[in-house]
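# A look at the structure
The chain contents come next:
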Amino acid sequence: MKNDEVQVCVIGAGRAGVIHARAITQVPGAHLAAVVDSDHDACKKVCQELGAAESYPHYLGAVENSHFDAVIVATPTRLHHEIVVAAAKAGKHILCEKPMAMNPSQCEEMVRVTRENRVKFQIGFMRRFDGGFQRAKEIIQRGQIGEVVLVKSLTHGPSTPKRWQYDISGSNGPLAEVNSHDIDTLRWFTESEFTKVYAIAGNYRCPEAREEFPDFYDNVSLVASFENGMQGFIDGAVSVKYGYDARAEVLGTEGLLSVGQLAQQSVVTCTRHGEITQPVVTSWRDLFADAYLAEDRAFIASIRDNSDPVVNGHDGMMVVKVVEAGNRSIREGKPVCLNTQP
Ligand SMILES: NC(=O)c1ccc[n+]([C@@H]2O[C@H](COP(=O)([O-])OP(=O)(O)OC[C@H]3O[C@@H](n4cnc5c(N)ncnc54)[C@H](O)[C@@H]3O)[C@@H](O)[C@H]2O)c1
């Protein structure tokens, strides 16, 4: 630590990395010391905007620099494993974006190496830091809706996938990139592990990908059972165009709870044409702006207080196991049982 501040290096200055870099400049007790990106212009832009003194084109140059305390990994998912392993071996604390990695064996190694090197390892499930989702969890824990029976969670993203995302073997598809959050919410709200999943999927909105990437799906429905007998349902979609939509509903033995909203503001307009309109949330950046900041605050606090991160590598790994089972179920057209024992 320098000047009693945790020195942070953000690796990957794209959509998620920029959010973290901005957040770190707002977290007391943290300092954005450096940015890494193989794209020189992206790196320079963030450094200039936020005053980071150092920039690197490659993560190895950064993690081998001994004056950083922590890294935030926000590169494409396929690089998470090698970057986290290198950072842990260099003694850096790590906040890694979701999905944690490409497969469970990569996750296992990441958990082992971070433990062996005694560094904090947090995974970027920012819904755990969202005020609404936290309130929902409290209501469930207080038993206000009785015993939980079913947790439903949906994420619909507006944008058309990038080309690499069409290749399910290289991206793990929307179940990984979009629905990792829903999978984590189901584990968090049920306080249990998935035992069986059945998923169906198809490509309804991306005709340009059909010929070259026949396995690509832009819509997925996944039904699940849990060790404690609860039920789960996940609804995932990309390229929906109407807005960014992230909501969950919990049915209990004595009530129902719902969290999340599609409306951007509380303003509702009624016109003489007989219409009612309300602005729609268009981006996860807006919907979860406070949650990203709270997530980064929690990461810095866990380093400063030497406490355990709220959401850790084990949580990240369990989600990757469900993604793998869900994609297998889609391929094979049948339910898949999970071995969730660590
Ligand atoms: N928590 C969330 O809600 C959330 C939201 C968006 C993205 N993500 C996750 O964050 C990660 C990044 O996604 P994104 O949308 O920001 O992607 P992006 O494409 O916008 O940004 C990735 C950045 O990484 C850089 N990069 C690529 N290879 C690199 C390398 N070898 N070394 C250094 N930099 C490299 C790219 O130049 C780019 O600037 C993904 O794992 C994604 O799933 C999470």
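The following paragraphs examine the structure supplied in this document. (Residues numbered from 1 in each chain as written. Predicted model: local features only at pLDDT ≥ 70, side-chain atom pairs only at ≥ 80, totals over all residues. Heavy atoms only, no water.)

### Regarding the sheet that holds strand S1 (residues 6-11)
Overall, parallel pairing links the 6 strands, which are arranged S3-S2-S1-S4-S5-S6 in an open sheet. If you trace the sheet from one side to the other, it starts and ends with strand S3 (54-56) and strand S6 (121-123), each paired once. Mean inter-strand twist for the sheet, computed between neighbouring axes without regard to direction, equals 25°. Two strands pair when backbone bridges link them, and strand S4 (residues 70-73) and strand S5 (residues 93-96) are joined in this way by 4 bridges, in the parallel orientation. Note on S5: the bridge partner recorded for isoleucine 72 is leucine 95. Together, S1, strand S2 (30-36), S4 and S5 form the strand contacts of helix H1 (residues 15-24), whose direction differs from that of S2 by roughly 150°. Strand contacts of helix H4 (residues 80-89): S1, S4, S5 and S6, with the helix running at about 165° to S5, the strand carrying the most contacts. (Pairing = 2+ DSSP bridges. Helix = DSSP H or I, 4+ residues; strand = E, 2+ residues; numbered from the N terminus. Axes fitted to C-alpha atoms, helices over the stretch in contact; angles between N-to-C directions. Contact = heavy atoms within 4.5 Å.)

### Some thoughts on the site of the ligand
If you check the shell around the ligand, you find 24 residues, and the closest are Arg15, Ala16, Asp37, Glu177 and Tyr292. Between an oxygen atom of the ligand and a side-chain N or O atom of aspartate 37, the distance comes to 2.6 Å. Within the backbone of threonine 75, an N or O atom sits 3.5 Å from an oxygen atom of the ligand. Notes on the ligand: free accessible area 840 Å², of which the protein chains cover 85%. Among the detected pockets, the ligand sits in the largest pocket. Of the residues belonging to the shell around the ligand, the class tally is 9 nonpolar, 8 polar and 7 charged. There are two domains that each give the shell around the ligand at least three residues, and those are domain 1 (6-119) and domain 2 (128-284 + 319-337). (Near = heavy atom within 4 Å. Polar contact = N/O pair within 3.5 Å; in protein donor to acceptor, adjacent residues only side chain to side chain. Areas by Shrake-Rupley, 256 points an atom, 1.4 Å probe, with all protein chains shown as cover. 1 Å grid on protein atoms, 1.4 Å probe; cavity = no way out; pocket = protein on both sides within 12 Å on 5 of 7 lines; lining within 4 Å. Sits in = over half its atoms within 2 Å of the grid points. Nonpolar A, V, L, I, M, F, W, Y, C, P; charged D, E, K, R; others polar. Domains from an automatic or database assignment.)

### Considering the sheet that holds strand S12 (residues 255-259)
Spatially, S12-S11-S7-S10-S9-S8-S15 is the arrangement adopted by the 7 strands of the open sheet, whose pairing is mixed. With one partner strand each, in any of the chains shown, S12 and strand S15 (336-337) form the two edges of the open sheet. Here strand S8 (residues 194-202) pairs with S15 via 2 bridges, running antiparallel. Residue pairing for S15: lysine 196 is matched across the bridge by cysteine 337. Here helix H10 (residues 180-190) sits on the sheet and contacts strand S7 (148-156), S8, strand S9 (219-226), strand S10 (231-237) and strand S11 (245-252); the angle it forms with S7, its principal contact strand, is near 160°. Running at roughly 50° to S8, helix H13 (residues 313-332) makes contact with S8, S9 and S15 of the sheet.

### Thoughts on H4
The buried count for H4 comes to 8 of 10 residues, which makes it a mostly enclosed element. For H4, every residue scored as buried is listed here: His80, His81, Ile83, Val84, Val85, Ala86, Ala87 and Ala88. Its buried side turned inward, H4 meets S1, helix H3 (59-63), S4, S5, helix H5 (104-116) and S6. Glycine 91 occupies a position one or two residues after H4 and carries a positive phi of about 80°. (Buried < 20%, exposed > 50% of the residue type's maximum accessible area, 1.4 Å probe, protein only.)

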